[in-house]
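What follows is each chain in one-letter form.
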Amino acid sequence: MKAILIGNLTIDQNTIENNTYTMPGGTAYFMARTFDNLSVDTTIVSSYGSDFPKRSLASTSFVPEKPSFTKTLRFRNIYKNGKRKQKVEYFQDYLKFMLPILPGSNADINMVMIAPVINNINYLLLEKIKKGFPKSFICLLPQGFFRKIDKLGKIIPITYTFPDEIISTLDFICLSELDTQEVDKKAKKWSILGPIVAVT
């Protein structure tokens, strides 16, 4: 099986009470780890910095092969009293997403997963991906579409509306209750348009 993960590789600095640890992150990263355990031939499409530890995904291919920037998109997550505060650093370089020419034959790709963690992908790109991979199982984790980053790096929840004709081209959508409001209502509407929709 072959899969392509389109999203954002990150470096996460997590502070829980008084303990801090740093690790690679991003939905695409964690999915690649899972796919590696399942022996899936995986390619990640994401810009990243020279500080990203590619060795942590030794079996995964990267597009582009070389870092695009010096610093990787960084999330500082502070957990205290059961609540999380987030701040994003080095995000300016990552706000514009360009889909590169992917290696190999698109017909060989079984699954394409789009999973941004910041709002740097729009629905027109989804349409382009579907046309480029007409036989692939297309999955969307839309978390990043519902986020905006202010000048100070603070994440602000926003409303994002996907055209029905885009939703109808997808095969599977995984929607979190933390992504947006009225999740159940949105999931029901989307499922009527065609894709399987899971709410977590």
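Provided above is the structure to which this section pertains.
Calculation criteria
Residues numbered from 1 in each chain as written. Predicted model: local features only at pLDDT ≥ 70, side-chain atom pairs only at ≥ 80, totals over all residues. Heavy atoms only, no water. Helix = DSSP H or I, 4+ residues; strand = E, 2+ residues; numbered from the N terminus. Pairing = 2+ DSSP bridges. Axes fitted to C-alpha atoms, helices over the stretch in contact; angles between N-to-C directions. Contact = heavy atoms within 4.5 Å.

**Considerations on unusual backbone geometry**
Working step 1: Of note, the bond from valine 63 into proline 64 is cis; its omega dihedral lies within 30 degrees of zero at 0°.
Working step 2: Within the fold, proline 64 resides in the loop between β5 (61-63) and β6 (74-80).
Working step 3: Residue serine 39 is not a glycine yet carries a positive backbone phi of 60°.
Working step 4: Within the secondary structure layout, serine 39 lies in the loop between α1 (27-37) and β4 (41-45).
Working step 5: At glutamate 182, a position not held by glycine, the phi torsion is positive, near 50°.

**Points about the sheet that holds β6**
The strands making up a sheet are joined through hydrogen bonds of the backbone, oriented either antiparallel or parallel.
Working step 1: Strand order in the open sheet formed by four strands is β3-β2-β6-β7, with mixed pairing between adjacent strands. Among the strands making up the open sheet, the edge pair consists of β3 (19-25) and β7 (83-89). Adjacent strand axes in the sheet meet at a mean angle of 20°, parallel and antiparallel pairs treated alike.
Working step 2: Sheet topology places strand β2 (residues 10-16) next to β3; seven bridges connect them, and they run antiparallel. In the sheet register, asparagine 14 faces β3, and the bridge partner there is tyrosine 21.

**So, the sheet that holds strand β13 (residues 196-199)**
Working step 1: Ordered in space as β5-β4-β1-β8-β9-β12-β13, the seven strands form an open sheet in which the pairing is parallel. Both edges of this open sheet fall to β5 and β13, since each of them pairs with a single strand only. Here the strands of the sheet are splayed against their neighbours by 15° on average, with no regard to which way each runs.
Working step 2: Pairing of strand β1 (residues 2-7) with β4, which is carried by five bridges, proceeds in the parallel orientation. Counterpart to isoleucine 4 in the pairing with β4 is threonine 43.
Working step 3: Strands β12 (172-175) and β13 of the sheet are contacted by helix α4 (residues 183-193), whose axis makes an angle of about 165° with β13.

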